[in-house]
Every structure is written in C-alpha cells, then in structure tokens.
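Structural characterization, general
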Amino acid sequence: ILEELVNYAYEKAKTAERPDASGMAKNFQVLTYDAIVSRFKLLDTLQSSTDIIPDQSPRTIFAKAGNGCVMKCNYCPEGTVRFVPYTVAQFTEHIEATKKALTDILGKERIRRMNEGFINVSDIIWLEKYHAKNRTYLTSLMAAELMREYFPWLEKIGSFIGSSSALSISEDPYGNVELDGKKYSSKFLRELRGDGLINRLYLGVETAHTEGSRLLNKSITYERKLVASRLIIDAGIKLKVIVQLGVLGKGFYPLGKTISPENFVPSEEATDLTARWINDVQPYRVLESVYQASPNLPINRLV
C-alpha cells in the first residue's frame, strides 16, 4: 500500500516539474518509491547514530570526514564517541561512493540540482589539529577542495566549527583583534573560504550565558564566542549559529556555588543573554535545536 501511495504521489507531483523553471522552482524534483528507498539506505551510510547534522535538505550532499567529537559536552551524544578523523583515502572513497550512489538514484542531470554540500565532521578545524599531530593527512582545506572537485556545481559548502577551535586556528601575533592578551585575525578562515570552498559554517553556541555553558561542560565565555563568530563573518563566511532550547530546564545553579535562591539563574535570564548575543553577532541564520533528553547523556548525572 505504501509503495502504491508513493508512486501515486510521484505521478501527481511529476506534472508540476518544469524544466524551464527559474529560481528555487528549478530545483523541484520527485522520486519514485524505489529511488526513495535507495536514498534512505544511502543516508544510513552517510551518518552514524551519534552524528549531529542540522537543517537537512533534499538538496544537500553529505560527505563524512570523521567520527565522534573531541569536545565532551555533556548534553550531546556525539561527544560520547572518541574523535577519529578520516584519512585522505577514506574521505575520497566516501565522496566517490556518495557521488556514484546519488547519480544512480537521480541521474547525471538531476544530481546537479543538489546545490548544497556539507562536510560531516564534528568540527572541521580538528582535521587541522590532527594533521599537525600526523594523525591524518586530511586537512580542512583538502576536504573542501575535494568536495569542490567532485561536486563542482555546488553553490554552498558548509561544515561545523567550534568557538575554541575557531579562536585557536585564528591566533596571529599581528592580528587586528585582541582578547585576553592574545591577538587574532581571519587569515586562516579566509583561506578556508578560498575561491568557492567553505562558505557556510555552523557554530554551536547553545547558550551565550557563560555559567550556563560551563554547566554543559563547554567552558567558553560570552566574549570568546563573540570574537570567534566575528572572525568567521569577517572572513566572508556565512555564519549559522545553533541555539539549544530546553537544555537548561527552568534554570540552574552555577557550578561551584551554593544551591540557594540567590544563586539560582532562571532560564529566562540565559535566554535573554543569548538573544542579546545574537543581536550583537547578526549571524546569517539561527538554528533552534530542541534538547532531546536521553538517559545515557552525562548531563543527567548533574545534581
């Protein structure tokens, strides 16, 4: 019955396809039942159960570049898996297999309607860090270049980045931005932007409240997140910030402080501060991530 319903919907939707359409309408496409099943099977190979990929789109091509996460944020399942970057060979093979599978499903012409690419790794800068340690030869620049090589028609290529790693990679003794005695510039991020390389980055802000971040085992201050974001934007990269809704509950007591009414921070205060941070940064997009409680997450052990 499901197959018949999908194929019926396919025949109806097919009449709405227009090869001469312009704008977003030109990307409209429909899939048969068999093509939909094939695509679901493909997606199952492109991400693990702990991967975090925001705002998935039928037009997005995912290329996995590593597993797990270095950060141990206690509210996120990806941090429960040790970070292992892909090798150049693994990443290349993954891209080739993805391109072949999508071509088989959609055809040579329709795959070009998939105009967004996403390098699926918890933080693209960790490829640089592990490359410096000789743990992989795959750098963030190489991953972006390979993505562009295999999918030259992509209009957008994005990935995740963290505030700490963005600041670390941006340290520059001659930089024009100073914070806590260190200088920073957007030099590396401009290289990452390059000529048609990374033009979208997703930054997990979660909450701009410094003590709220500490509670999530993400000890990054309001100011450091602010500077990291501005460095990305100054590099000409569109910034999407991810805000966690519900993870702090009705409120919290800062770590190290007595549990008493005067120390309680209501969630409204943290939310207002995050809104102020967003207004200061003016990102390209704000993505709202609703906290999904899981008994296996370390945050549940906080008392």
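Please refer to the structure higher up on the page.
Residues numbered from 1 in each chain as written. Predicted model: local features only at pLDDT ≥ 70, side-chain atom pairs only at ≥ 80, totals over all residues. Heavy atoms only, no water.

Secondary structure summary: the chain contains 10 helices and 12 strands in total. Expressed as a percentage of the 303 residues in the chain, the buried residues total 49%. Intrachain contacts of the chain at a sequence separation of at least 6 include 72% that bridge at least 24 residues. (Helix = DSSP H or I, 4+ residues; strand = E, 2+ residues; numbered from the N terminus. Buried < 20%, exposed > 50% of the residue type's maximum accessible area, 1.4 Å probe, protein only. Contact = heavy atoms within 4.5 Å.)

Position of R148 among the secondary structure elements: in helix α5 (residues 140–150). Buried within the structure, R148 lacks any salt-bridge partner; its nearest side chain of opposite charge belongs to D195, at an N-O separation of 7.7 Å. A polar contact is formed between the side chain of R148 and the backbone oxygen of P152, at a distance of 3.0 Å. Within the structure, the side chain of R148 is placed 2.8 Å from the backbone oxygen of L154, a separation counted as a polar contact. Apart from residues no more than four positions distant in its own chain, R148 is found in contact with W153, L154, I157, G196 and L197. (Lys, Arg positive; Asp, Glu negative; His and termini not counted. Salt bridge = Lys/Arg side-chain N within 4 Å of Asp/Glu carboxyl O. Polar contact = N/O pair within 3.5 Å; in protein donor to acceptor, adjacent residues only side chain to side chain.)

Most of α5 is tucked away: 8 of the 11 residues are buried. When we look at burial in α5, the residues that qualify are S140, L141, A143, A144, L146, M147, R148 and Y150. Buried residues along α5 sit against β1 (60–64), α3 (88–106), β4 (116–120), α4 (125–132), β5 (156–161) and α7 (187–193).

A word on the sheet that holds strand β8 (residues 200–206). The strand order across the open sheet formed by 6 strands is β1-β4-β5-β8-β9-β12, and the pairing between neighbours is parallel. With one partner strand each, in any of the chains shown, β1 and β12 (285–290) form the two edges of the open sheet. Neighbour-to-neighbour, the strand axes of the sheet open up by a mean angle of 25 degrees, direction not taken into account. By the bridge criterion, 6 bridges tie strand β9 (residues 238–245) to β12 in an arrangement that is parallel. Counterpart to L245 in the pairing with β12 is V290. With respect to the sheet, α5 is in contact with β1, β4 and β5, its orientation differing from that of β4 by roughly 145 degrees. (Pairing = 2+ DSSP bridges. Axes fitted to C-alpha atoms, helices over the stretch in contact; angles between N-to-C directions.)

It is worth spelling out the nonpolar core at this point. Ranked by size, the top nonpolar core spans 58 residues in total, and within it F91, I119, I124, M147 and W277 carry the most contacts. Excluding residues that lie within four positions of it along the chain, I124 makes contacts with I119, S140, S159, F160, L192, I198 and L201. Among the nonpolar cores identified, the runner-up in size contains 13 residues, and L216, V247, L297 and I299 belong to it. (Core = buried A, V, L, I, M, F, W, Y, C linked by side-chain atoms within 4.5 Å.)

Turning next to helix α9 (residues 222–234). With 13 residues, α9 extends 18 Å between its outermost C-alpha atoms, agreeing within 8% with the 18 Å of an ideal straight helix rising 1.5 Å per residue. The complete set of buried residues in α9 reads Y222, K225, L226, V227, A228, S229, L231 and I232. (Expected span 1.5 Å × (residues − 1).)

Right, let's get into the pairing of β5. β5 sits mainly inside the fold: 5 of its 6 residues count as buried. With 4 bridges joining them, β4 and β5 adopt parallel strand pairing. Bridging from a neighbouring strand, E116 pairs with K156 of β5. Bridge analysis of β5 against β8 gives 4 bridges, and the strand direction is parallel. Note on β8: the bridge partner recorded for F160 is Y202.

Time to look at the packing of aromatic side chains. Going through the model one piece at a time under the given rule, you end up with 8 aromatic pairs. Consider the rings of F83 and Y130, whose centres lie 5.0 Å apart with planes at 75 degrees: the pair is edge-to-face. Here Y130 lies in helix α4 and F83 lies in the loop between β2 (66–67) and β3 (84–85), a separation of 47 residues in the sequence. Residue classification places Y130 among the buried residues on the basis of a relative accessible area of 9%. Three or more aromatic residues link up through ring pairs in this structure, and these residues are F62, F118, F160 and Y202. Here the basic side chain of R200 rests over the ring of Y284, its NZ or CZ set 4.9 Å away from the ring centre. (Phe/Tyr/Trp six-rings, centres within 6.5 Å; stacked < 30°, edge-to-face > 60°. Lys NZ or Arg CZ within 6 Å of the ring centre and 35° of its normal.)

Okay, a positive patch on the surface next. Together, K72, R82, K133 and R135 make up a positively charged patch on the protein surface. The residue R135 is located in the loop between α4 and α5 in this model. Relative accessible area serves as the criterion here: at 48%, R135 is assigned to the partly exposed category. (Patch = residues over 30% accessible without salt bridge, like charges linked within 9 Å, V, L, I, M, F, W, Y side chains within 5 Å. Areas by Shrake-Rupley, 256 points an atom, 1.4 Å probe, with all protein chains shown as cover. Charge placed at Lys NZ, Arg CZ, Asp CG, Glu CD.)

Turning our attention to the packing of α9 against helix α10 (residues 267–281). For the pair α9 and α10, interaxial distance at closest approach is 10 Å and the crossing angle is 30 degrees. One finds that α9 runs roughly parallel with respect to α10. Where α9 crosses over α10, the handedness of that crossing is right-handed. Contacts between α9 and α10 involve Y222, K225, L226, S229, R230 and I233 from the first element and L273, R276, W277, D280 and V281 from the second. Its residues assigned to classes, the contact of α9 with α10 shows 6 nonpolar, 1 polar and 4 charged. (Parallel < 35°, antiparallel > 145°, perpendicular 65-115°, else oblique. Left-handed = near helix turned anticlockwise from the far one by under 90°. Nonpolar A, V, L, I, M, F, W, Y, C, P; charged D, E, K, R; others polar.)

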